[in-house]
Amino acid sequence: WRDYMTDAGYTLEATETRSGDTLNVTGVTMTFDVPEEDMSITMSMGDMGFVDNGDGTVSITIPPNLPLDIMVEAEDDEDVEIGLNYATEGLSIDVSGDPDNMSYDYTASRVALTLESLVVEGEELPMSELGQASFEMSDVEGSTQMSVGDLRESVQKITSGAVSYVVDISEPEGGEGRFVMRGQAEGLTFEGEAALPQGMDPNMMAQMVANGFAFDGTFSFTNGKTDFNFQEEGEVVQGSSSSSTGSLQFAMGEEGLTYAGEGTDIAISMAGGEIPFPIELAMAKTGFNLSMPVMSGDAEQDFAFGMNLTDFTMSDMIWGIFDPGGQLPRDP
């Protein structure tokens with residue numbers, strides 16, 4: 001793990017102590033510099049243990065509530081400190097193989113990440129006034145295959161049952177503004193693979209890519225739904241969206257950079273604020289893709305942009321603005 005984080009560009013500090021069959025690691029601190037933004041990001045984690053099972057496998061243990069502190073230090077004094085809690089139930093992480101080719105298998109009945117504290121420019125914002133933000137998954141299963149050669153390569157797949165999230169944030173210092181977003185999905189899947197050069201410098205992206213850096217990952221979900229409500233200066237905007245399936249891909253390597261997304265059975269509604277009437281839209285399918293080169297070269301390189309709105313429909317109220325007499329066909 002130490003080598004992996006160092007290869008990924010982190011400066012790592014921790015204390016290791018051996019007790020019987022367990023290697024205890026405490027005071028884990030990882031720092032990552034972002035020179036182009038004049039900032040550094042530091043993450044501090046709680047304790048964890050690596051347990052020798054006596055059969056060539058290792059079990060990784062973390063407490064049911066693991067504190068994660070993230071410090072973003074900027075030269076313009078706009079420092080931000082974020083306190084998170086990583087909570088798990090029924091978590092099991094087992095590692096097998098050898099140091100150059102390890103297999104990770106993990107399960108958990110519940111995984112949750114919750115915002116516990118927020119400090120901006122040295123001033124702590126009381127969570128009782130600010131609100132809440134959390135993300136939760138149930139019935140999580142996953143595996144990672146990691147091999148080390150000229151490149152550190154990994155192949156990963158994670159699936160989960162029900163997923164839910166909530167962001168309910170009020171304007172600090174007694175302001176009237178408030179943003180609320182609540183969402184859920186029946187299931188979430190991530191599949192991806194990555195290749196990291198050893199000793200790479202994340203601040204020299206072109207050199208990293210030339211040395212073999214690559215990543216390709218796709219998130220997908222089923223039966224997603226989101227409700228939102230935004231209040232500011234006495235006006236309220238609220239709405240919802242839903243879809244049967246959705247996916248989002250991000251890939252990067254010597255061949256270029258790619259973003260792509262897709263959704264099916266999309267329904268969107270919105271009303272309030274400066275919107276003069278309720279808006280209702282629906283699509284059987286929507287998607288986008290964007291590809292572009294990331295390396296300079298003498299030969300021409302492809303780029304692409306695509307977008308589709310399939311079987312698009314909208315409410316009669318919108319149609320009525322420019323076709324009050326119903327002269328145009330209103331089928332999808």
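Residues numbered from 1 in each chain as written. Predicted model: local features only at pLDDT ≥ 70, side-chain atom pairs only at ≥ 80, totals over all residues. Heavy atoms only, no water.

Engineer: Help me understand the pairing of strand β15 (residues 187–197) in this model?
Structural biologist: Regular strands place their side chains on alternate faces of the sheet. Relative to β15, strand β12 (residues 151–160) runs antiparallel, the two being bridged by ten bridges. In the strand pairing of β15, S154 is matched with A194. Here β15 runs beside strand β16 (residues 214–232); their pairing, made up of nine bridges, is antiparallel. What sits directly across from G187, in β16, is T222. (Pairing = 2+ DSSP bridges. Helix = DSSP H or I, 4+ residues; strand = E, 2+ residues; numbered from the N terminus.)

Engineer: Looking at this model, I keep getting lost on the pattern of salt bridges. Mind explaining?
Structural biologist: Close approach of charged atoms allows side chains of opposite charge to pair. Applying the stated criterion to the full structure yields nine salt bridges. Close ionic contact of R2 with E16 constitutes a salt bridge, the shortest N to O distance being 2.9 Å. Here E16 lies in strand β1 (residues 11–19) and R2 lies in helix α1 (residues 2–7), a separation of 14 residues in the sequence. For E16, a relative accessible area of 44% corresponds to the partly exposed category. (Salt bridge = Lys/Arg side-chain N within 4 Å of Asp/Glu carboxyl O. Buried < 20%, exposed > 50% of the residue type's maximum accessible area, 1.4 Å probe, protein only.)

Engineer: Looking at this structure, how should I read the layout of surface pockets?
Structural biologist: Using a probe with the size of a water molecule, rolled over the atoms, empty space left in the structure can be pinpointed. Taken as a whole, the second largest pocket encloses approximately 560 Å³ of empty space. As for the second largest pocket, its lining consists of 27 residues, of which F221, S243, G246, S247 and E262 are closest to the centre. Elements with a minimum of two residues in the lining of the second largest pocket: β13 (163–170), β14 (178–185), β16, β17 (235–253), β18 (256–272) and β19 (275–292). In terms of residue count, β17 provides more of the lining of the second largest pocket than any other element does, seven residues in total. (1 Å grid on protein atoms, 1.4 Å probe; cavity = no way out; pocket = protein on both sides within 12 Å on 5 of 7 lines; lining within 4 Å. Points joined across faces, edges and corners; volume = space filled by probe spheres on them.)

Engineer: Can you help me understand the nonpolar core in this one?
Structural biologist: Among soluble globular proteins, nonpolar side chains are generally buried collectively. Grouped together as the largest cluster of nonpolar side chains are eleven residues: M5, V25, V28, M30, M48, F50, I60, I93, V95, Y104 and Y106. At the level of elements, β2 (22–34), β4 (48–52), β8 (92–98) and β9 (101–120) are the ones that each hand at least two residues to this core. Ranked by residues supplied to this core, first place goes to β2 with three residues. When neighbours within four sequence positions are excluded, F50 is seen to be in contact with W1, D21, T22, L23, V25, V58, S59 and I60. Core analysis: the second largest hydrophobic core is formed by ten residues, L66, V72, L84 and L130 among them. (Core = buried A, V, L, I, M, F, W, Y, C linked by side-chain atoms within 4.5 Å. Contact = heavy atoms within 4.5 Å.)

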